[in-house]
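# Examination of the molecular architecture
Each chain, letter by letter, is given below.
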Amino acid sequence: MALRALACIAFSVFLVSCGGGGSSSPANPVANPPPQAPPPPPPPVPTSAELEAAAAFASRATFGMPYTGIYRIADKGHEAWLDDQLAMEPSSHLEFADELIRRRDAGEFKPADDGILLTITFWRAAWWNRAITAPDQVQQRVAYALSQIFVVSDIDLLRDNPPAITSFNDVLLKGATGNFRDLLYDVSLHPAMGIYLSHVNNRKADPENNIFPDENFAREVMQLFTIGLFELNEDGTYQYDANGRLIPTYDSDDIREYAKVFTGLSYSGPNAWFGRWRPYFREPMQMFEEHHEPGPKHLLGGVVVPEGQTGLEDVEDAVDSLFNHPNVGPFIGRQLIQRLTTSNPSPAYIQRVTNAFNGDETGIRGDMKAVVKAILLDPEVADPINPNHFGKLREPVLRLAALARQFNAECEDGMFYNNGYRMQYHGQQHPLAAPSVFNFYSPFHAPAGAIAESNLVAPEFQITTATTVINMVNLIDLGLFHDDQLFSPSEPFEPTNINIDDYIEMATNIDLLIDRLDLVMMAGRLDEATRLRIKLGIESVGTDNADRARHAIYLMAIAPTYVVEN
(Lines give C-alpha, C1' and ligand atoms only; values in the text may rest on other atoms or scores of the structure.)
Protein backbone atom coordinates (compact mmCIF):
# COMPACT_ATOMS: atom_id res chain seq x y z
CA MET A 1 0.00 0.00 0.00
CA ALA A 2 2.81 2.40 0.86
CA LEU A 3 4.52 1.82 -2.48
CA ARG A 4 1.18 2.32 -4.26
CA ALA A 5 0.50 5.62 -2.42
CA LEU A 6 3.96 6.95 -3.26
CA ALA A 7 3.43 6.03 -6.89
CA CYS A 8 0.09 7.93 -6.94
CA ILE A 9 1.66 11.05 -5.39
CA ALA A 10 4.51 10.99 -7.90
CA PHE A 11 2.05 10.59 -10.75
CA SER A 12 -0.05 13.56 -9.49
CA VAL A 13 3.03 15.79 -9.31
CA PHE A 14 3.89 14.76 -12.84
CA LEU A 15 0.37 15.72 -14.06
CA VAL A 16 0.56 19.15 -12.41
CA SER A 17 3.98 19.88 -13.86
CA CYS A 18 2.69 18.97 -17.31
CA GLY A 19 -0.44 21.07 -17.02
CA GLY A 20 -2.68 18.03 -16.54
CA GLY A 21 -6.16 18.34 -15.02
CA GLY A 22 -7.39 21.11 -17.41
CA SER A 23 -4.55 23.61 -16.96
CA SER A 24 -3.01 25.32 -19.99
CA SER A 25 0.17 24.01 -21.59
CA PRO A 26 3.43 25.72 -20.56
CA ALA A 27 4.83 28.38 -22.88
CA ASN A 28 8.08 26.45 -23.36
CA PRO A 29 7.36 22.75 -23.81
CA VAL A 30 11.08 21.99 -24.19
CA ALA A 31 11.56 22.77 -20.46
CA ASN A 32 9.23 19.97 -19.41
CA PRO A 33 11.03 17.01 -17.76
CA PRO A 34 10.90 13.78 -19.72
CA PRO A 35 8.52 11.13 -18.40
CA GLN A 36 10.06 8.90 -15.74
CA ALA A 37 10.18 5.15 -16.08
CA PRO A 38 7.95 3.38 -13.55
CA PRO A 39 9.78 2.04 -10.48
CA PRO A 40 10.76 -1.63 -10.58
CA PRO A 41 8.35 -3.98 -8.83
CA PRO A 42 9.28 -5.01 -5.27
CA PRO A 43 11.12 -8.33 -4.94
CA PRO A 44 8.85 -11.31 -4.32
CA VAL A 45 8.21 -12.26 -0.70
CA PRO A 46 9.66 -15.70 0.23
CA THR A 47 7.08 -18.45 0.05
CA SER A 48 6.25 -20.75 2.96
CA ALA A 49 8.28 -23.52 1.32
CA GLU A 50 11.29 -21.20 0.94
CA LEU A 51 11.03 -20.14 4.59
CA GLU A 52 10.87 -23.75 5.73
CA ALA A 53 13.91 -24.64 3.63
CA ALA A 54 15.77 -21.66 5.08
CA ALA A 55 14.85 -22.72 8.62
CA ALA A 56 16.18 -26.23 7.99
CA PHE A 57 19.35 -24.78 6.45
CA ALA A 58 19.85 -22.49 9.46
CA SER A 59 19.54 -25.40 11.91
CA ARG A 60 22.42 -27.17 10.13
CA ALA A 61 24.68 -24.24 9.32
CA THR A 62 24.33 -22.23 12.55
CA PHE A 63 23.52 -22.60 16.22
CA GLY A 64 19.97 -21.49 15.42
CA MET A 65 18.12 -18.55 13.91
CA PRO A 66 15.13 -16.43 14.94
CA TYR A 67 12.43 -15.73 12.40
CA THR A 68 14.17 -12.60 11.11
CA GLY A 69 17.36 -14.55 10.39
CA ILE A 70 15.42 -17.30 8.64
CA TYR A 71 13.64 -14.73 6.49
CA ARG A 72 17.01 -13.17 5.57
CA ILE A 73 18.38 -16.52 4.38
CA ALA A 74 15.25 -17.23 2.34
CA ASP A 75 15.33 -13.77 0.81
CA LYS A 76 19.04 -13.80 -0.10
CA GLY A 77 19.36 -17.43 -1.11
CA HIS A 78 21.27 -20.18 0.68
CA GLU A 79 24.49 -20.08 -1.33
CA ALA A 80 24.78 -16.29 -1.43
CA TRP A 81 24.13 -16.09 2.32
CA LEU A 82 26.66 -18.85 2.96
CA ASP A 83 29.30 -17.10 0.84
CA ASP A 84 28.83 -13.94 2.91
CA GLN A 85 29.26 -15.95 6.11
CA LEU A 86 32.41 -17.72 4.96
CA ALA A 87 33.98 -14.39 4.01
CA MET A 88 33.63 -12.96 7.54
CA GLU A 89 36.47 -12.48 9.96
CA PRO A 90 36.07 -14.99 12.80
CA SER A 91 35.04 -13.67 16.21
CA SER A 92 37.94 -14.58 18.49
CA HIS A 93 37.35 -16.53 21.71
CA LEU A 94 40.75 -15.53 23.09
CA GLU A 95 39.95 -11.84 22.71
CA PHE A 96 36.80 -12.30 24.79
CA ALA A 97 38.68 -14.21 27.51
CA ASP A 98 41.41 -11.55 27.53
CA GLU A 99 38.78 -8.85 28.04
CA LEU A 100 37.43 -10.72 31.05
CA ILE A 101 40.95 -11.09 32.43
CA ARG A 102 41.61 -7.38 31.90
CA ARG A 103 38.41 -6.41 33.69
CA ARG A 104 39.15 -8.78 36.56
CA ASP A 105 42.69 -7.42 36.98
CA ALA A 106 41.40 -3.84 36.83
CA GLY A 107 38.94 -4.57 39.62
CA GLU A 108 35.95 -3.77 37.42
CA PHE A 109 34.01 -6.64 38.92
CA LYS A 110 34.24 -8.38 42.22
CA PRO A 111 33.12 -11.99 42.05
CA ALA A 112 30.81 -13.06 44.84
CA ASP A 113 32.32 -16.54 44.85
CA ASP A 114 35.89 -17.81 44.71
CA GLY A 115 37.79 -15.71 42.15
CA ILE A 116 39.64 -18.79 40.91
CA LEU A 117 36.38 -20.62 40.26
CA LEU A 118 35.17 -17.69 38.20
CA THR A 119 38.39 -17.50 36.20
CA ILE A 120 38.29 -21.14 35.13
CA THR A 121 34.89 -20.51 33.54
CA PHE A 122 36.17 -17.61 31.40
CA TRP A 123 36.78 -19.94 28.44
CA ARG A 124 33.25 -21.32 28.78
CA ALA A 125 31.87 -17.80 28.88
CA ALA A 126 33.76 -17.04 25.67
CA TRP A 127 32.32 -20.09 23.92
CA TRP A 128 28.72 -19.29 24.81
CA ASN A 129 29.05 -15.60 24.06
CA ARG A 130 30.35 -16.33 20.57
CA ALA A 131 27.81 -19.09 19.95
CA ILE A 132 24.95 -16.72 20.79
CA THR A 133 26.17 -13.34 19.53
CA ALA A 134 28.86 -13.80 16.86
CA PRO A 135 27.85 -12.72 13.35
CA ASP A 136 30.08 -15.44 11.82
CA GLN A 137 27.65 -18.17 12.78
CA VAL A 138 28.74 -20.71 10.17
CA GLN A 139 32.37 -20.49 11.20
CA GLN A 140 31.47 -20.88 14.88
CA ARG A 141 29.29 -23.88 14.08
CA VAL A 142 31.95 -25.56 11.91
CA ALA A 143 34.61 -24.90 14.56
CA TYR A 144 32.39 -26.70 17.07
CA ALA A 145 32.14 -29.64 14.67
CA LEU A 146 35.94 -29.65 14.31
CA SER A 147 36.32 -29.60 18.10
CA GLN A 148 34.60 -33.00 18.15
CA ILE A 149 37.22 -34.39 15.76
CA PHE A 150 40.35 -32.61 17.01
CA VAL A 151 39.47 -33.24 20.63
CA VAL A 152 41.10 -31.52 23.57
CA SER A 153 39.32 -31.41 26.90
CA ASP A 154 39.31 -29.24 30.00
CA ILE A 155 41.72 -31.22 32.14
CA ASP A 156 43.36 -29.26 34.96
CA LEU A 157 46.02 -27.31 33.06
CA LEU A 158 43.64 -26.44 30.24
CA ARG A 159 40.70 -25.52 32.48
CA ASP A 160 42.74 -23.37 34.85
CA ASN A 161 44.27 -21.19 32.12
CA PRO A 162 41.64 -19.25 30.08
CA PRO A 163 43.91 -18.71 27.02
CA ALA A 164 44.39 -22.48 26.63
CA ILE A 165 41.07 -23.59 25.18
CA THR A 166 40.12 -20.18 23.77
CA SER A 167 43.28 -20.01 21.67
CA PHE A 168 42.76 -23.60 20.54
CA ASN A 169 39.21 -22.74 19.53
CA ASP A 170 40.56 -19.82 17.52
CA VAL A 171 42.78 -22.27 15.62
CA LEU A 172 39.66 -24.27 14.76
CA LEU A 173 37.85 -21.08 13.70
CA LYS A 174 40.70 -20.19 11.38
CA GLY A 175 40.69 -23.73 10.01
CA ALA A 176 36.94 -23.67 9.36
CA THR A 177 37.53 -21.46 6.31
CA GLY A 178 41.23 -22.11 5.72
CA ASN A 179 43.05 -25.18 4.44
CA PHE A 180 42.91 -28.53 6.20
CA ARG A 181 46.66 -28.96 5.86
CA ASP A 182 47.30 -25.73 7.76
CA LEU A 183 44.71 -26.69 10.35
CA LEU A 184 46.42 -30.04 10.94
CA TYR A 185 49.80 -28.33 11.31
CA ASP A 186 48.45 -25.69 13.72
CA VAL A 187 46.66 -28.30 15.83
CA SER A 188 49.84 -30.42 16.00
CA LEU A 189 51.83 -27.51 17.41
CA HIS A 190 49.20 -26.08 19.72
CA PRO A 191 50.19 -26.33 23.41
CA ALA A 192 46.70 -27.46 24.42
CA MET A 193 47.03 -30.48 22.14
CA GLY A 194 50.61 -30.95 23.32
CA ILE A 195 49.35 -31.28 26.87
CA TYR A 196 46.28 -33.34 26.08
CA LEU A 197 48.08 -35.92 23.92
CA SER A 198 51.38 -35.62 25.76
CA HIS A 199 53.80 -34.64 23.00
CA VAL A 200 54.87 -31.44 24.72
CA ASN A 201 58.34 -32.05 26.22
CA ASN A 202 58.52 -35.30 24.23
CA ARG A 203 62.18 -36.35 24.22
CA LYS A 204 64.33 -38.17 21.70
CA ALA A 205 65.23 -41.75 22.46
CA ASP A 206 67.72 -42.53 25.21
CA PRO A 207 67.68 -46.35 25.38
CA GLU A 208 70.28 -46.53 28.15
CA ASN A 209 67.86 -44.68 30.43
CA ASN A 210 64.80 -46.45 29.01
CA ILE A 211 63.49 -43.26 27.39
CA PHE A 212 61.63 -43.50 24.08
CA PRO A 213 59.45 -40.99 22.20
CA ASP A 214 55.88 -40.76 23.46
CA GLU A 215 53.55 -42.36 20.88
CA ASN A 216 50.22 -40.92 22.02
CA PHE A 217 49.84 -38.04 19.55
CA ALA A 218 51.45 -40.03 16.72
CA ARG A 219 48.75 -42.69 17.06
CA GLU A 220 45.75 -40.36 17.44
CA VAL A 221 46.78 -38.00 14.65
CA MET A 222 46.37 -40.96 12.31
CA GLN A 223 43.47 -42.82 13.92
CA LEU A 224 41.25 -39.85 14.77
CA PHE A 225 42.47 -36.68 13.05
CA THR A 226 43.25 -37.74 9.48
CA ILE A 227 42.99 -41.26 8.04
CA GLY A 228 41.25 -43.66 10.43
CA LEU A 229 42.03 -47.32 10.98
CA PHE A 230 41.24 -48.81 7.56
CA GLU A 231 41.71 -47.91 3.92
CA LEU A 232 38.69 -46.21 2.37
CA ASN A 233 37.31 -45.62 -1.08
CA GLU A 234 36.51 -42.03 -1.97
CA ASP A 235 32.85 -42.62 -1.15
CA GLY A 236 33.71 -43.68 2.41
CA THR A 237 33.20 -47.41 1.89
CA TYR A 238 35.92 -49.79 3.07
CA GLN A 239 38.54 -51.40 0.87
CA TYR A 240 39.25 -55.14 1.24
CA ASP A 241 42.22 -57.31 0.38
CA ALA A 242 42.12 -60.47 -1.74
CA ASN A 243 40.97 -62.47 1.30
CA GLY A 244 38.06 -60.14 2.03
CA ARG A 245 39.72 -58.51 5.04
CA LEU A 246 39.85 -54.82 5.88
CA ILE A 247 43.18 -53.17 5.03
CA PRO A 248 44.81 -51.31 7.95
CA THR A 249 46.05 -47.81 7.21
CA TYR A 250 49.05 -48.03 9.55
CA ASP A 251 50.79 -50.33 12.00
CA SER A 252 52.90 -50.06 15.15
CA ASP A 253 56.05 -49.32 13.14
CA ASP A 254 54.32 -46.31 11.57
CA ILE A 255 53.33 -45.04 15.02
CA ARG A 256 56.94 -45.25 16.20
CA GLU A 257 58.22 -43.40 13.12
CA TYR A 258 55.72 -40.55 13.51
CA ALA A 259 56.47 -40.39 17.25
CA LYS A 260 60.11 -39.61 16.37
CA VAL A 261 58.89 -36.62 14.36
CA PHE A 262 57.02 -35.07 17.28
CA THR A 263 59.98 -34.85 19.62
CA GLY A 264 61.79 -31.74 20.80
CA LEU A 265 58.65 -29.61 21.18
CA SER A 266 58.06 -27.52 24.28
CA TYR A 267 56.36 -24.28 25.27
CA SER A 268 57.48 -21.04 23.65
CA GLY A 269 57.08 -17.60 25.13
CA PRO A 270 59.42 -15.55 27.35
CA ASN A 271 62.51 -17.39 28.61
CA ALA A 272 61.53 -20.61 26.83
CA TRP A 273 63.45 -23.79 27.63
CA PHE A 274 62.84 -27.47 26.95
CA GLY A 275 61.14 -29.23 29.82
CA ARG A 276 59.47 -26.04 31.00
CA TRP A 277 56.53 -27.04 33.19
CA ARG A 278 54.59 -23.78 33.15
CA PRO A 279 52.50 -23.74 29.94
CA TYR A 280 52.32 -20.82 27.53
CA PHE A 281 49.30 -20.90 25.23
CA ARG A 282 49.57 -17.73 23.16
CA GLU A 283 52.05 -19.12 20.63
CA PRO A 284 52.67 -22.53 19.01
CA MET A 285 55.09 -24.91 20.66
CA GLN A 286 58.76 -24.29 19.93
CA MET A 287 61.24 -26.83 18.56
CA PHE A 288 64.38 -27.49 20.63
CA GLU A 289 66.73 -29.25 18.23
CA GLU A 290 68.94 -30.91 20.81
CA HIS A 291 65.93 -32.89 22.08
CA HIS A 292 64.56 -33.81 18.63
CA GLU A 293 65.08 -37.35 17.36
CA PRO A 294 67.80 -37.24 14.66
CA GLY A 295 68.03 -39.38 11.57
CA PRO A 296 65.59 -40.32 8.81
CA LYS A 297 61.93 -41.22 9.48
CA HIS A 298 59.97 -43.61 7.29
CA LEU A 299 56.39 -42.38 6.97
CA LEU A 300 53.20 -43.42 5.19
CA GLY A 301 53.01 -43.32 1.42
CA GLY A 302 56.69 -44.13 1.05
CA VAL A 303 57.70 -40.70 2.38
CA VAL A 304 61.19 -40.67 3.88
CA VAL A 305 62.10 -37.69 6.03
CA PRO A 306 65.77 -37.13 5.23
CA GLU A 307 68.48 -36.87 7.82
CA GLY A 308 69.84 -33.41 8.57
CA GLN A 309 66.58 -31.41 8.48
CA THR A 310 65.40 -29.18 11.29
CA GLY A 311 62.76 -30.56 13.62
CA LEU A 312 60.04 -28.32 12.22
CA GLU A 313 60.92 -29.41 8.69
CA ASP A 314 60.34 -32.97 9.88
CA VAL A 315 56.95 -31.91 11.24
CA GLU A 316 56.08 -30.23 7.94
CA ASP A 317 56.90 -33.43 6.04
CA ALA A 318 54.88 -35.57 8.45
CA VAL A 319 51.85 -33.30 8.18
CA ASP A 320 52.13 -33.34 4.38
CA SER A 321 52.32 -37.14 4.32
CA LEU A 322 49.07 -37.39 6.27
CA PHE A 323 47.31 -34.55 4.47
CA ASN A 324 47.98 -36.16 1.08
CA HIS A 325 46.72 -39.59 2.12
CA PRO A 326 43.62 -40.49 0.04
CA ASN A 327 41.68 -41.41 3.19
CA VAL A 328 41.52 -37.86 4.54
CA GLY A 329 38.73 -36.59 2.29
CA PRO A 330 36.21 -39.37 3.00
CA PHE A 331 37.28 -39.89 6.63
CA ILE A 332 37.02 -36.23 7.70
CA GLY A 333 34.22 -35.45 5.24
CA ARG A 334 31.95 -38.15 6.66
CA GLN A 335 32.43 -36.90 10.22
CA LEU A 336 31.74 -33.29 9.29
CA ILE A 337 28.60 -34.39 7.47
CA GLN A 338 27.52 -36.22 10.63
CA ARG A 339 28.10 -33.16 12.77
CA LEU A 340 26.24 -30.78 10.43
CA THR A 341 23.55 -32.58 8.44
CA THR A 342 22.94 -36.32 8.85
CA SER A 343 24.29 -39.32 10.73
CA ASN A 344 24.01 -41.65 7.73
CA PRO A 345 25.15 -39.96 4.50
CA SER A 346 24.98 -42.02 1.35
CA PRO A 347 28.23 -43.05 -0.36
CA ALA A 348 27.36 -40.63 -3.20
CA TYR A 349 27.10 -37.74 -0.70
CA ILE A 350 30.47 -38.63 0.83
CA GLN A 351 31.98 -38.92 -2.65
CA ARG A 352 30.86 -35.39 -3.55
CA VAL A 353 32.34 -34.00 -0.34
CA THR A 354 35.56 -35.93 -0.99
CA ASN A 355 35.69 -34.40 -4.46
CA ALA A 356 35.44 -30.95 -2.86
CA PHE A 357 38.22 -31.82 -0.41
CA ASN A 358 40.42 -33.11 -3.22
CA GLY A 359 39.97 -29.84 -5.10
CA ASP A 360 38.25 -31.31 -8.13
CA GLU A 361 36.58 -27.96 -8.89
CA THR A 362 38.75 -25.39 -7.13
CA GLY A 363 42.13 -27.02 -7.81
CA ILE A 364 43.01 -26.61 -4.13
CA ARG A 365 43.22 -29.73 -2.00
CA GLY A 366 41.91 -29.25 1.54
CA ASP A 367 39.99 -26.01 0.86
CA MET A 368 37.62 -25.98 3.85
CA LYS A 369 35.31 -23.37 2.34
CA ALA A 370 34.68 -25.74 -0.56
CA VAL A 371 34.14 -28.63 1.85
CA VAL A 372 31.66 -26.72 4.02
CA LYS A 373 29.70 -25.57 0.98
CA ALA A 374 29.66 -29.10 -0.44
CA ILE A 375 28.27 -30.45 2.84
CA LEU A 376 25.60 -27.82 3.42
CA LEU A 377 24.46 -27.37 -0.18
CA ASP A 378 24.51 -31.00 -1.29
CA PRO A 379 21.34 -32.03 -3.18
CA GLU A 380 20.87 -34.97 -0.82
CA VAL A 381 20.28 -32.56 2.07
CA ALA A 382 17.29 -30.93 0.37
CA ASP A 383 16.04 -34.14 -1.23
CA PRO A 384 17.24 -37.21 0.72
CA ILE A 385 17.55 -40.51 -1.11
CA ASN A 386 15.89 -42.21 1.87
CA PRO A 387 14.05 -39.65 4.04
CA ASN A 388 13.55 -42.22 6.81
CA HIS A 389 17.33 -42.53 7.22
CA PHE A 390 18.18 -38.84 6.93
CA GLY A 391 18.82 -36.52 9.86
CA LYS A 392 20.42 -36.68 13.27
CA LEU A 393 19.71 -36.27 16.95
CA ARG A 394 20.16 -32.70 18.20
CA GLU A 395 22.72 -33.09 20.98
CA PRO A 396 22.21 -31.25 24.33
CA VAL A 397 24.61 -28.38 23.59
CA LEU A 398 22.92 -27.66 20.28
CA ARG A 399 19.46 -27.79 21.87
CA LEU A 400 20.35 -25.14 24.43
CA ALA A 401 22.20 -22.92 21.97
CA ALA A 402 19.34 -23.15 19.47
CA LEU A 403 16.74 -22.09 22.04
CA ALA A 404 18.85 -19.09 23.00
CA ARG A 405 19.24 -17.95 19.42
CA GLN A 406 15.79 -18.84 18.13
CA PHE A 407 14.18 -16.81 20.90
CA ASN A 408 16.38 -13.71 20.86
CA ALA A 409 18.39 -14.27 24.03
CA GLU A 410 19.23 -10.97 25.68
CA CYS A 411 21.51 -9.85 28.49
CA GLU A 412 21.78 -6.37 29.99
CA ASP A 413 25.59 -6.31 30.15
CA GLY A 414 25.99 -8.03 26.77
CA MET A 415 28.20 -10.78 28.21
CA PHE A 416 25.81 -13.77 27.93
CA TYR A 417 27.93 -15.37 30.61
CA ASN A 418 27.40 -19.11 31.09
CA ASN A 419 29.61 -21.06 33.47
CA GLY A 420 28.32 -24.23 31.82
CA TYR A 421 27.88 -26.34 34.95
CA ARG A 422 24.11 -26.56 34.65
CA MET A 423 24.52 -27.60 31.01
CA GLN A 424 27.10 -30.21 31.89
CA TYR A 425 25.05 -31.64 34.75
CA HIS A 426 21.76 -31.89 32.89
CA GLY A 427 23.02 -32.79 29.42
CA GLN A 428 26.22 -34.64 30.37
CA GLN A 429 27.96 -32.53 27.73
CA HIS A 430 29.80 -29.25 27.37
CA PRO A 431 31.91 -27.99 24.46
CA LEU A 432 35.57 -29.00 24.72
CA ALA A 433 34.94 -31.04 27.86
CA ALA A 434 34.72 -34.57 26.44
CA PRO A 435 35.68 -37.48 28.71
CA SER A 436 38.38 -38.69 26.29
CA VAL A 437 40.03 -38.03 22.95
CA PHE A 438 37.26 -40.16 21.42
CA ASN A 439 34.78 -37.33 22.09
CA PHE A 440 31.41 -37.77 23.82
CA TYR A 441 30.34 -40.37 21.29
CA SER A 442 31.76 -42.43 18.47
CA PRO A 443 30.84 -41.59 14.86
CA PHE A 444 30.15 -45.33 14.50
CA HIS A 445 27.81 -45.73 17.49
CA ALA A 446 24.64 -47.68 16.69
CA PRO A 447 22.10 -48.02 19.52
CA ALA A 448 20.66 -51.49 19.89
CA GLY A 449 17.35 -52.07 18.17
CA ALA A 450 15.97 -50.87 14.87
CA ILE A 451 18.89 -48.54 14.11
CA ALA A 452 21.60 -51.17 14.56
CA GLU A 453 19.49 -53.79 12.81
CA SER A 454 19.23 -51.46 9.80
CA ASN A 455 23.03 -51.04 9.70
CA LEU A 456 22.66 -47.36 10.58
CA VAL A 457 24.41 -45.24 13.19
CA ALA A 458 23.21 -42.55 15.57
CA PRO A 459 26.28 -41.13 17.37
CA GLU A 460 24.50 -38.72 19.73
CA PHE A 461 22.45 -41.55 21.23
CA GLN A 462 25.61 -42.72 23.01
CA ILE A 463 25.03 -39.96 25.61
CA THR A 464 21.24 -40.17 25.44
CA THR A 465 19.95 -42.04 28.47
CA ALA A 466 16.76 -42.05 30.51
CA THR A 467 18.51 -39.67 32.90
CA THR A 468 19.73 -37.16 30.32
CA VAL A 469 16.36 -37.14 28.53
CA ILE A 470 14.60 -36.11 31.76
CA ASN A 471 17.40 -33.75 32.74
CA MET A 472 17.19 -31.85 29.46
CA VAL A 473 13.43 -31.44 29.91
CA ASN A 474 14.17 -30.06 33.39
CA LEU A 475 16.83 -27.70 32.02
CA ILE A 476 14.39 -26.27 29.48
CA ASP A 477 11.77 -26.00 32.22
CA LEU A 478 14.21 -24.01 34.38
CA GLY A 479 14.95 -21.62 31.56
CA LEU A 480 11.31 -20.99 30.72
CA PHE A 481 9.37 -21.11 33.97
CA HIS A 482 11.44 -20.95 37.14
CA ASP A 483 14.49 -18.73 37.45
CA ASP A 484 13.83 -17.42 33.90
CA GLN A 485 17.51 -17.91 33.10
CA LEU A 486 18.54 -20.13 30.26
CA PHE A 487 22.21 -20.18 31.31
CA SER A 488 23.92 -20.92 34.62
CA PRO A 489 23.99 -17.66 36.61
CA SER A 490 27.44 -16.30 37.44
CA GLU A 491 27.75 -13.26 39.64
CA PRO A 492 28.57 -10.47 39.06
CA PHE A 493 27.34 -10.88 35.46
CA GLU A 494 23.79 -10.22 34.38
CA PRO A 495 21.53 -13.17 33.59
CA THR A 496 20.66 -14.27 30.07
CA ASN A 497 16.96 -14.48 29.27
CA ILE A 498 14.99 -15.26 26.15
CA ASN A 499 12.75 -12.59 24.64
CA ILE A 500 9.40 -14.02 23.53
CA ASP A 501 7.44 -10.76 23.20
CA ASP A 502 6.58 -11.50 19.56
CA TYR A 503 5.18 -14.88 20.54
CA ILE A 504 3.17 -13.45 23.42
CA GLU A 505 1.45 -11.16 20.92
CA MET A 506 0.64 -14.17 18.72
CA ALA A 507 -0.74 -16.25 21.57
CA THR A 508 -4.30 -14.94 21.16
CA ASN A 509 -4.40 -17.20 18.09
CA ILE A 510 -3.03 -20.60 19.08
CA ASP A 511 -2.89 -21.93 15.54
CA LEU A 512 -0.91 -18.89 14.40
CA LEU A 513 1.45 -19.32 17.36
CA ILE A 514 2.04 -23.00 16.59
CA ASP A 515 2.59 -22.23 12.89
CA ARG A 516 5.34 -19.73 13.70
CA LEU A 517 7.01 -22.02 16.23
CA ASP A 518 6.80 -24.91 13.79
CA LEU A 519 8.66 -22.83 11.21
CA VAL A 520 11.37 -21.48 13.53
CA MET A 521 11.97 -24.63 15.58
CA MET A 522 11.06 -27.50 13.25
CA ALA A 523 11.25 -26.06 9.72
CA GLY A 524 7.59 -26.92 9.15
CA ARG A 525 7.95 -30.62 10.04
CA LEU A 526 5.43 -30.75 12.91
CA ASP A 527 3.12 -33.73 12.42
CA GLU A 528 -0.62 -33.44 13.02
CA ALA A 529 -0.73 -35.78 16.02
CA THR A 530 1.97 -33.84 17.89
CA ARG A 531 0.40 -30.54 16.85
CA LEU A 532 -2.93 -31.58 18.37
CA ARG A 533 -1.31 -32.57 21.67
CA ILE A 534 0.59 -29.27 21.82
CA LYS A 535 -2.56 -27.29 21.04
CA LEU A 536 -4.48 -29.05 23.79
CA GLY A 537 -1.61 -28.38 26.18
CA ILE A 538 -1.61 -24.67 25.37
CA GLU A 539 -5.37 -24.42 25.76
CA SER A 540 -5.18 -26.07 29.18
CA VAL A 541 -3.12 -23.23 30.70
CA GLY A 542 -5.86 -20.62 30.30
CA THR A 543 -6.00 -17.36 28.40
CA ASP A 544 -2.90 -15.53 29.68
CA ASN A 545 -0.82 -14.93 26.57
CA ALA A 546 2.54 -15.08 28.33
CA ASP A 547 1.69 -18.47 29.87
CA ARG A 548 0.46 -19.70 26.52
CA ALA A 549 3.64 -18.65 24.73
CA ARG A 550 5.97 -20.20 27.31
CA HIS A 551 4.06 -23.48 27.40
CA ALA A 552 3.99 -23.59 23.61
CA ILE A 553 7.78 -23.16 23.37
CA TYR A 554 8.31 -25.71 26.15
CA LEU A 555 6.13 -28.34 24.50
CA MET A 556 7.74 -27.76 21.11
CA ALA A 557 11.26 -27.93 22.61
CA ILE A 558 10.69 -31.36 24.16
CA ALA A 559 8.84 -32.83 21.17
CA PRO A 560 10.66 -35.58 19.20
CA THR A 561 10.30 -33.55 16.01
CA TYR A 562 12.48 -30.82 17.53
CA VAL A 563 15.00 -33.15 19.13
CA VAL A 564 15.55 -35.08 15.88
CA GLU A 565 16.58 -32.91 12.93
CA ASN A 566 15.89 -34.05 9.40
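Note: the structure precedes this text.
Residues numbered from 1 in each chain as written. Predicted model: local features only at pLDDT ≥ 70, side-chain atom pairs only at ≥ 80, totals over all residues. Heavy atoms only, no water.

## Looking at the packing of helix α4 (residues 78–86) against helix α18 (residues 368–376)
- Direction vectors running N to C along α4 and α18 enclose 150°, while the axes themselves pass 11 Å from each other. One finds that α4 runs roughly antiparallel with respect to α18. Crossing hand, α4 versus α18: right-handed. Of the residues in α18, those touching α4 at Glu 79, Leu 82, Asp 83 and Leu 86 are Lys 369, Val 372, Lys 373 and Leu 376.
- The residue inventory of the contact of α4 with α18, partitioned by class, reads 4 nonpolar, no polar and 4 charged. (Axes fitted to C-alpha atoms, helices over the stretch in contact; angles between N-to-C directions. Helix = DSSP H or I, 4+ residues; strand = E, 2+ residues; numbered from the N terminus. Parallel < 35°, antiparallel > 145°, perpendicular 65-115°, else oblique. Left-handed = near helix turned anticlockwise from the far one by under 90°. Contact = heavy atoms within 4.5 Å. Nonpolar A, V, L, I, M, F, W, Y, C, P; charged D, E, K, R; others polar.)

## A look at the environment of Thr 121
- Along the chain, Thr 121 falls in the loop between α6 (115–119) and α7 (122–133).
- You can call Thr 121 buried: its relative accessible area is 2%.
- Linking Thr 121 and Gly 175, residues 54 residues apart in sequence, is a C-alpha distance of 24 Å.
- Residues contacting Thr 121, with those up to four places away along its chain left out, are Tyr 417, Asn 419 and Tyr 421.
- A distance of 2.7 Å separates a polar atom in the side chain of Thr 121 from a polar atom in the side chain of Tyr 417. (Buried < 20%, exposed > 50% of the residue type's maximum accessible area, 1.4 Å probe, protein only. Polar contact = N/O pair within 3.5 Å; in protein donor to acceptor, adjacent residues only side chain to side chain.)

## Points about helix α16 (residues 328–340)
- The end-to-end C-alpha distance of α16, which contains 13 residues, comes to 18 Å, matching closely the 18 Å that a straight helix rising 1.5 Å per residue would cover.
- Among the 13 residues in α16, 13 count as buried, and that is most of the element. (Expected span 1.5 Å × (residues − 1).)

## So, unusual backbone geometry
- For the bond from Glu 491 to Pro 492, the omega torsion is 10°, close enough to zero to count as cis.
- Relative to the elements of secondary structure, Pro 492 occurs in the loop between α23 (466–481) and α24 (501–506).
- We note that Ser 198 has phi near 60°; this positive angle belongs to a residue other than glycine.
- Among the structural elements, Ser 198 can be located in the loop between α12 (191–196) and α13 (216–223).
- Ser 198 sits in the partly exposed class, given a relative accessible area of 27%.
- The phi dihedral of Asn 201 is positive, around 60°, even though this residue is not glycine.

## Some points on the packing of aromatic side chains
- The full count for this structure, using the stated rule, is 19 aromatic pairs.
- Taken together, a centroid distance of 5.6 Å and an interplanar angle of 70° make the contact between Phe 180 and Phe 357 edge-to-face. Here Phe 180, found in helix α11 (residues 180–188), pairs with Phe 357, found in helix α17 (residues 347–358); they are 177 residues apart in sequence, far enough to count as distant.
- Measuring from ring centre to ring centre gives 4.2 Å for Tyr 417 and Phe 493, while their planes differ by 10°; the resulting arrangement is stacked. Residue Tyr 417 is found in the loop between α20 (396–406) and α21 (421–427), and its partner Phe 493 is found in the loop between α23 and α24; the two are separated by 76 residues along the sequence.
- Put simply, the rings of Phe 150, Phe 180, Phe 217, Phe 225, Phe 262, Phe 323 and Phe 357 touch in pairs and so form one group of aromatic residues.
- For Arg 365, the ring lying beneath its charged end belongs to Phe 323, and the centroid distance is 5.2 Å.
- Across from the ring centre of Tyr 67, 3.7 Å away, lies the NZ or CZ of Arg 516, which sits over that ring. (Phe/Tyr/Trp six-rings, centres within 6.5 Å; stacked < 30°, edge-to-face > 60°. Lys NZ or Arg CZ within 6 Å of the ring centre and 35° of its normal.)

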